[in-house]
Amino acid sequence: MEGWDPTTKSTLTQIPLLSVKAGPRDGGAWTQRLKEEYKALIAYTSMNKSKDNDWFRISAANPEGTRWTGKCWYVHNLLKYEFDLQFDIPVTYPATAPELELPELDGKTQKMYRGGKICLTVHFKPLWAKNCPRFGIAHALCLGLAPWLAAEIPVLVDSGMIKHKDDVAASSESS
């Protein structure tokens, strides 16, 4: 955690670490891992809400907990930009981090792979590997998606690559 800003350190230390090393193929152990994942997500969401920093909603899209969907948002120049968020839990989880996807931003930035998968290779993947199996979905959102949104969304907005929903609605009404 050296070199991290105090807010990130504080946030990270408040997200519970996970202990069960299990993936989707591990039956009952995976169920235990999912319970830990939910506890960490609830803690992270509660902490964000208490700090008026609520920025995502996700839930398992299937009973097995291997597909997750939701929304994330970023406020830039007092405007809220909201995006669909989705990801699958890899079969090699937790050794492999989930690939977080923002499909509607696909092709709008170089820091993204095909299908809207955000680039986390250089900074986040080594950190994930070092902290396996203690990191989970909440950690991926905190240390992967949050900094990616903070770095990319202002650039995409300022360059005109994405527009606020009110701007899009106003331009379609005037056409």
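Attention here is on the structure that accompanies the text. Predicted model only: the values in this text are computed from it and were never measured.

## Concerning the nonpolar core
- In this structure, Leu-102, Leu-141, Leu-145 and Ile-153 are the most contacted members of the largest nonpolar core, which totals 44 residues.
- Those elements giving two or more residues to this core turn out to be helix H2 (28-50), strand S1 (56-60), strand S2 (67-76), strand S3 (79-88), helix H3 (124-130) and helix H4 (137-158).
- Of the residues forming this core, the biggest block, 12 residues, is contributed by H4.
- Once residues within four sequence positions are removed from consideration, Leu-141 is found in contact with Leu-41, Tyr-44, Trp-55, Phe-56, Ile-58, Leu-85, Leu-100, Ala-146 and Pro-147.

## What about the packing of H2 against H4?
- At their nearest, the axes of H2 and H4 sit 7 Å apart, and the two run at 40° to each other. The orientation of H2 with respect to H4, classified from their angle, is oblique. In contact with Glu-37, Ala-40, Leu-41 and Tyr-44 of H2, H4 contributes Ile-137, Ala-138, Leu-141 and Cys-142.

## Details of the pattern of salt bridges
- Counted according to the given criterion, the structure contains 7 salt bridges.
- A salt bridge links Lys-80 to Glu-82; the shortest N-O distance between them is 3.8 Å.
- Residue Glu-82 is classed as partly exposed on the basis of its relative accessible area, which comes to 38%.
- Across the pair Lys-111 and Glu-152 runs a salt bridge whose closest N-O atoms are separated by 3.4 Å. A residue pair is termed long-range when its members are at least 10 positions apart, and Lys-111 in the loop between S3 and strand S4 (112-113) and Glu-152 in helix H4 qualify at 41 residues.
- Assessed through its relative accessible area of 47%, Lys-111 is described here as partly exposed.
- With relative accessibility at 6%, the residue Glu-152 sits in the buried group.

## Focus on the sheet that holds S2
- Spatially, 3 strands are ordered S1-S2-S3 in an open sheet, and the strand pairing comes out antiparallel. Either end of the sheet is taken by a strand with one partner, and the two such strands are S1 and S3. With direction set aside, neighbouring strand axes in the sheet form an average angle of 10°.
- Across 5 bridges, the pairing between S1 and S2 is antiparallel. Note on S2: the bridge partner recorded for Phe-56 is Cys-72.

Conventions adopted
Residues numbered from 1 in each chain as written. Predicted model: local features only at pLDDT ≥ 70, side-chain atom pairs only at ≥ 80, totals over all residues. Heavy atoms only, no water. Core = buried A, V, L, I, M, F, W, Y, C linked by side-chain atoms within 4.5 Å. Buried < 20%, exposed > 50% of the residue type's maximum accessible area, 1.4 Å probe, protein only. Helix = DSSP H or I, 4+ residues; strand = E, 2+ residues; numbered from the N terminus. Contact = heavy atoms within 4.5 Å. Axes fitted to C-alpha atoms, helices over the stretch in contact; angles between N-to-C directions. Parallel < 35°, antiparallel > 145°, perpendicular 65-115°, else oblique. Salt bridge = Lys/Arg side-chain N within 4 Å of Asp/Glu carboxyl O. Pairing = 2+ DSSP bridges.

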